[in-house]
Amino acid sequence: MHRFIISIGLLLTFSNPALADNLLIGVAVISQEVDQKIASGGSTVNATDDGSGFGIYADYYYQNKYRFNGTISYVDYTSFYITTATVAADYLIPVNANFTLFGGATAGGAGQSYSDASASDMSLALLYGVQVGGIMFVNEHLMLELGYRIRSTDLETEFTTSNTTVTVDEMNETYLSLIITF
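Residues numbered from 1 in each chain as written. Predicted model: local features only at pLDDT ≥ 70, side-chain atom pairs only at ≥ 80, totals over all residues. Heavy atoms only, no water.

A. Summary view of the overall build of the chain. For the chain, the helix and strand inventory stands at one helix and eight strands. Scored against the burial criterion, the 182 residues of the chain give a buried share of 39%. Sequence separation of 24 or more characterises 60% of the internal contacts of the chain that already satisfy a separation of 6 or more. (Helix = DSSP H or I, 4+ residues; strand = E, 2+ residues; numbered from the N terminus. Buried < 20%, exposed > 50% of the residue type's maximum accessible area, 1.4 Å probe, protein only. Contact = heavy atoms within 4.5 Å.)

B. Broad picture of the packing of aromatic side chains. Evaluated as defined, the whole model comprises five aromatic pairs. Seen in terms of ring centroids, Tyr-77 and Phe-80 are 4.6 Å apart; in terms of plane orientation they differ by 20°. Their pairing is stacked. A residue is classified by how much of its surface remains accessible, and Phe-80, at 1% relative accessible area, is buried. Pairwise contacts between aromatic rings join Phe-54, Tyr-74 and Tyr-81 into one cluster. The residue whose ring lies beneath Arg-67 is Phe-102, and the NZ or CZ to ring-centre distance is 4.4 Å. Just above the ring of Tyr-175 sits the side chain of Arg-149; from NZ or CZ to the centre is 4.0 Å. (Phe/Tyr/Trp six-rings, centres within 6.5 Å; stacked < 30°, edge-to-face > 60°. Lys NZ or Arg CZ within 6 Å of the ring centre and 35° of its normal.)

C. Molecular detail of the sheet that holds strand S3 (residues 66-76). The sheet built from eight strands closes into a barrel, its strands ordered S1-S2-S3-S4-S5-S6-S7-S8 with antiparallel pairing. The mean inter-strand angle of the sheet, taken between neighbouring strand axes irrespective of direction, is 20°. In this sheet, strand S8 (residues 164-180) lies alongside strand S7 (residues 142-159) in antiparallel orientation, the contact comprising 16 bridges. What sits directly across from Ile-150, in S8, is Asn-172. (Pairing = 2+ DSSP bridges. Axes fitted to C-alpha atoms, helices over the stretch in contact; angles between N-to-C directions.)

D. Inspection of the pattern of salt bridges at higher detail. Counted by the stated rule, this structure contains six salt bridges. With its nearest N and O atoms 3.6 Å apart, the salt bridge here joins Lys-37 to Asp-169. Placement of the pair is Lys-37 in strand S1 (residues 23-40) and Asp-169 in strand S8, with a sequence separation of 132 residues. Asp-169 gets classed as partly exposed once you look at its relative accessible area, which sits at 24%. We note a salt bridge from Arg-67 to Asp-90, for which the minimum N-O separation is 2.8 Å. Here Arg-67, found in strand S3, pairs with Asp-90, found in strand S4 (residues 80-96); they are 23 residues apart in sequence, far enough to count as distant. Residue Arg-67 is classed as buried on the basis of its relative accessible area of 2%. Of the residues examined, Asp-90 reaches a relative accessible area of 4% and is grouped as buried. Shared partners join several salt bridges into a network, and the residues in it are Asp-59, Arg-67, Asp-90 and Glu-145. (Salt bridge = Lys/Arg side-chain N within 4 Å of Asp/Glu carboxyl O.)

E. Just the pairing of S3, in detail. Because side chains alternate across S3, one face comprises the buried residues Arg-67, Asn-69, Thr-71, Ser-73 and Val-75, and the other comprises Tyr-66, Phe-68, Gly-70, Ile-72, Tyr-74 and Asp-76, none of which is buried. One ladder, built from eleven bridges, connects S3 with S4; its direction is antiparallel. Residue pairing in the sheet places Asp-76 in a bridge with Tyr-81 of S4. Hairpin geometry of S3 and S4 is characterised by an intervening segment of three residues between the two adjacent antiparallel strands.

F. Molecular detail of unusual backbone geometry. Unusually for a residue other than glycine, Gln-63 sits at a positive phi of about 55°. Mapped onto the elements of the fold, Gln-63 is located in the loop between strand S2 (43-62) and S3. For Gln-63, a relative accessible area of 45% puts it in the partly exposed group.

Fair warning: the whole summary comes from geometry, so function is off the table for now.
In structure tokens form, the structure reads like this:
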């Protein structure tokens with residue numbers, strides 16, 4: 001891991017940033033945590049579950065101050081998976097020629113399906129939230145992004161056989177993206 005960090009540092013030292021009015025395509029590795037409420041009978045239990053997955057997205061940078069993003073992601077958990085389709089807008093805060101901080105808002109939709117259910121059994125809900133992070137410019141064709149998102153939703157799945165309702169009300173996500181420019 002130390003070698004990886006040192007390699008990234010050296011690449012950043014000799015990089016030529018490529019942030020412009022451009023459309024960029026990226027792939028993200030995602031680690032996501034969801035907060036759930038499980039209601040069965042008359043009792044409610046709060047639970048947290050961790051999952052991992054990937055996302056594919058497109059970024060459009062405007063005037064080196066704003067970024068607009070569209071993302072489709074898939075995150076797998078122990079007994080279910082969540083897919084999302086979101087749009088986001090970020091304000092960019094350049095630190096130096098190779099590194100930019102950002103903060104912004106996101107909105108979209110999410111779907112949750114359990115492993116043994118069909119696609120028609122997927123529960124759907126809107127989501128919204130905020131994100132912060134940083135973008136490192138490795139060279140004119142490669143960028144790395146590390147970020148954190150907090151998103152609220154109301155994904156509700158009802159199991160009629162056990163009279164149980166599971167509601168996902170928050171998705172917190174840490175992600176590392178590799179952006180390749182063309």
